[in-house]
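This is what each chain is made of:
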Amino acid sequence: MLRHKSFKQVNELKRFLQNCVPSDAYCSCAYYEEPEAEMDEKDWLGADLIFDIDADHIPTPCNKIHDSWVCSSCSFSGKGVVPERCPACGNEKLKVKVWHCEVCLSSAKTESIKLLDMLISDFGFSEKDIHIFFSGNRGYHIYVENKAIRALDAISRKEIVDYVSGLGLDVSFHGLRKKSLREVHSSQGSPLDEFGWRKRLASGMHNFILEAKEENLRQIGLTKKIAETILQNKNVILKNWLDRGMWSAVRGIGLETRKKLAEYSAKLQSANIDTVVTTDIHRLIRLDGTLHGKTGFRKVEFPVSAIDDFDPFRSAVAFKTGAATVFVSDAPEFRIGDEMFGPYRKQSVELPTAAAMLLVCKGRAEVIE
Ligand SMILES: [Zn+2]
Ligand SMILES: [Zn+2]
């Protein structure tokens, strides 16, 4: 690792990268008086607020299929979300084999959209302050560059993390308190016109009840009888809820039920971020425009307003010409641009450079001379 570098000109940086050809390049999210000095002598001036949303941290239905890990010390293995350490022996060195499929990246995008909405609607940042990037592999990076947050310490950043991930959110403060059975919103109009988490809880509960089937309601711990009551009175509940934020029209739906609904909706509304990244005020993060060593895709920025239509498997492709013949050990089906590839198993195949590069970077193929 070559660290503590600084460059005054973009061309200087480019020349440096061309000369040492690293597999991955990172830059600091912090501002320093002396960027080339040792860590304790750099003189920290501030840092951008950054968020990392990675499919590694989001339990998706597909990670049980395409992600696996093996402990390098005791060989214990598992499928799905990779644990911090081996559950059998505690070793932190796990050999990980993950894939980045369309489902994973679309769940990371959903989380990013929730986060962007909070940053803009709740925190009041403007789109100009916010930069969003596809990381080149399994997720998205979001930077907030604004003087107002630059000097925040780790504890303040943790508060922001808690807010966006709904940590420590107590639904009793949102009209669900035992002592005041009177609905908090009853005189205030629709909770959907409210602000911040109160609005998020309200719209989350509304959307959940609107779509829920009996099994969904049972899954959050409601009894069969209560689930049936909710479904039978769905229209009345939603109407009262939308107009005045009231539940009281329906008998049999008590405080505990409402709390369960609110707590579940908090989970749905929160943004699933990698919390340690945001609280680290010295964080290194992949350099914009560089290739990801595990995919050969580029980290690319795109406009916040374009997130719905952003296609990482098209926009991040760096190698657009040429082909290579590779021997593939195994690879699931995947897409680059409009073309589908695979699945492959123990076979030689000629692929466009981007596809061949992806499999080689993932450790699933070797180039045949
Ligand atoms: Zn182990
Ligand atoms: Zn997936």
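What counts as what
Residues numbered from 1 in each chain as written. Chains lettered and ligands numbered in written order. Predicted model: local features only at pLDDT ≥ 70, side-chain atom pairs only at ≥ 80, totals over all residues. Heavy atoms only, no water. Phe/Tyr/Trp six-rings, centres within 6.5 Å; stacked < 30°, edge-to-face > 60°. Buried < 20%, exposed > 50% of the residue type's maximum accessible area, 1.4 Å probe, protein only. Donors = N, O, S within 2.8 Å, 3.2 Å for Na, K, Ca; no water. Tetrahedral: all angles 85-135°; square planar, octahedral: opposite > 155°, others 65-115°. Salt bridge = Lys/Arg side-chain N within 4 Å of Asp/Glu carboxyl O. Axes fitted to C-alpha atoms, helices over the stretch in contact; angles between N-to-C directions. Helix = DSSP H or I, 4+ residues; strand = E, 2+ residues; numbered from the N terminus. Parallel < 35°, antiparallel > 145°, perpendicular 65-115°, else oblique. Left-handed = near helix turned anticlockwise from the far one by under 90°. Contact = heavy atoms within 4.5 Å. Nonpolar A, V, L, I, M, F, W, Y, C, P; charged D, E, K, R; others polar. Domains from an automatic or database assignment. Buried area = accessible area lost by both parts, 1.4 Å probe. Expected span 1.5 Å × (residues − 1). Core = buried A, V, L, I, M, F, W, Y, C linked by side-chain atoms within 4.5 Å.

Draft legend 1. Region of interest: the packing of aromatic side chains. Inspection of every chain in the model, using the stated rule, returns 14 aromatic pairs. When the ring of Trp69 is compared with that of Phe76, the centres are 6.2 Å apart and the planes differ by 40°; the resulting orientation is tilted. Judged by its relative accessible area of 6%, Trp69 falls in the buried class. Ring centres of Phe133 and Tyr143 lie 4.6 Å apart, and the angle between their planes is 45°; this geometry places the pair in the tilted category.

Draft legend 2. The coordination of the zinc ion (ligand 1), seen in detail. Donor atoms from the polypeptide that coordinate the zinc ion (ligand 1) comprise Cys71 (SG), Cys74 (SG), Cys86 (SG) and Cys89 (SG), at 2.3 Å from the metal. Its four donor atoms give the zinc ion (ligand 1) angles of 106 to 114° at the centre, a pattern that matches the tetrahedral case. The exposure class assigned to Cys71 is buried, which follows from its relative accessible area of 1%.

Draft legend 3. Focus on the pattern of salt bridges. Under the counting rule described, the total for this entry stands at 17 salt bridges. Put simply, Asp311 and Arg314 hold a salt bridge, and the shortest N to O gap is 3.4 Å. The class for Asp311 is buried, based on a relative accessible area of 15%. On the basis of relative accessibility, which here comes to 39%, the residue Arg314 falls in the partly exposed class.

Draft legend 4. Just the packing of helix H3 (residues 102–122) against helix H6 (residues 196–211), in detail. Interaxial distance between H3 and H6 falls to 11 Å at its minimum, and their mutual angle equals 135°. As the angle between them shows, H3 and H6 are arranged oblique. As H3 runs across H6, the sense of the crossing is right-handed. Residues Asp117, Met118, Ser121 and Asp122 of H3 lie in contact with H6, whose contacting residues are Gly196, Trp197 and Arg200. The residue inventory of the contact of H3 with H6, partitioned by class, reads two nonpolar, two polar and three charged.

Draft legend 5. Fine view of the domain arrangement of the chain. Domain parsing of the chain yields domain 1 (22–54 + 104–165 + 273–312), domain 2 (63–100), domain 3 (171–269) and domain 4 (319–367). For domain 1 and domain 3, the distance between their C-alpha centres works out to 34 Å. On the domain 3 side, the residues contacting the seven residues of domain 1 number six residues. The largest share of the area that domain 1 buries against domain 3 comes from Lys114, Asp122 and Tyr163, three residues that together contribute 61% of it. Inspection of the region where domain 1 meets domain 3 yields two salt bridges. The residue Arg200 makes a salt bridge to Asp117 at a minimum N-O spacing of 3.0 Å. Those elements that place two or more of their residues in the side of domain 1 that touches domain 3 are H3 and helix H5 (154–164). If one sorts the elements of the side of domain 1 that touches domain 3 by residue count, H3 sits on top with five residues. Looking at the side of domain 1 that touches domain 3, its residues break down into three nonpolar, one polar and three charged.

Draft legend 6. Molecular detail of H3. In this model, H3 (21 residues) spans 29 Å end to end at C-alpha, consistent with the 30 Å of a helix rising 1.5 Å per residue. Once H3 finishes, Gly124 follows within two positions and takes phi at roughly 80°, a positive value.

Draft legend 7. Looking closely at the coordination of the zinc ion (ligand 2). For the zinc ion (ligand 2), every protein donor is listed as Cys62 (SG), His66 (NE2), Cys101 (SG) and Cys104 (SG), and the spread of their distances is 2.0 to 2.2 Å. Here the zinc ion (ligand 2) binds four donor atoms, and the angle range of 102 to 122° at the metal identifies the geometry as tetrahedral. On the primary sequence, the residues serving as donors to the zinc ion (ligand 2) are separated as C-x3-H-x34-C-x2-C. Within this pair, whereas Cys62 is found in the loop between strand S4 (49–54) and helix H2 (63–66), its partner Cys104 is found in helix H3, the two being separated by 42 residues in sequence. You can call Cys62 buried: its relative accessible area is 9%. Its relative accessible area of 1% is what places Cys104 among the buried residues.

Draft legend 8. Just the nonpolar core, in detail. Among the nonpolar cores identified, the biggest contains 53 residues, and Phe51, Leu115, Ile142, Phe334, Tyr344, Leu351 and Leu359 are the most heavily contacted of them. The greatest single-element share of this core, amounting to seven residues, is contributed by H3. Counting residues domain by domain, this core receives three or more from each of domain 1 (22–54 + 104–165 + 273–312) and domain 4 (319–367). The residues touching Ile142, leaving out its near neighbours within four places in the chain, are Leu49, Ile50, Phe51, Ile53, Ser112, Leu115, Leu116, Leu119, Ile130, His131 and Ile132. One finds Ala202, Phe208, Ala212 and Val250 within the second-largest nonpolar core, a separate group that totals 22 residues.

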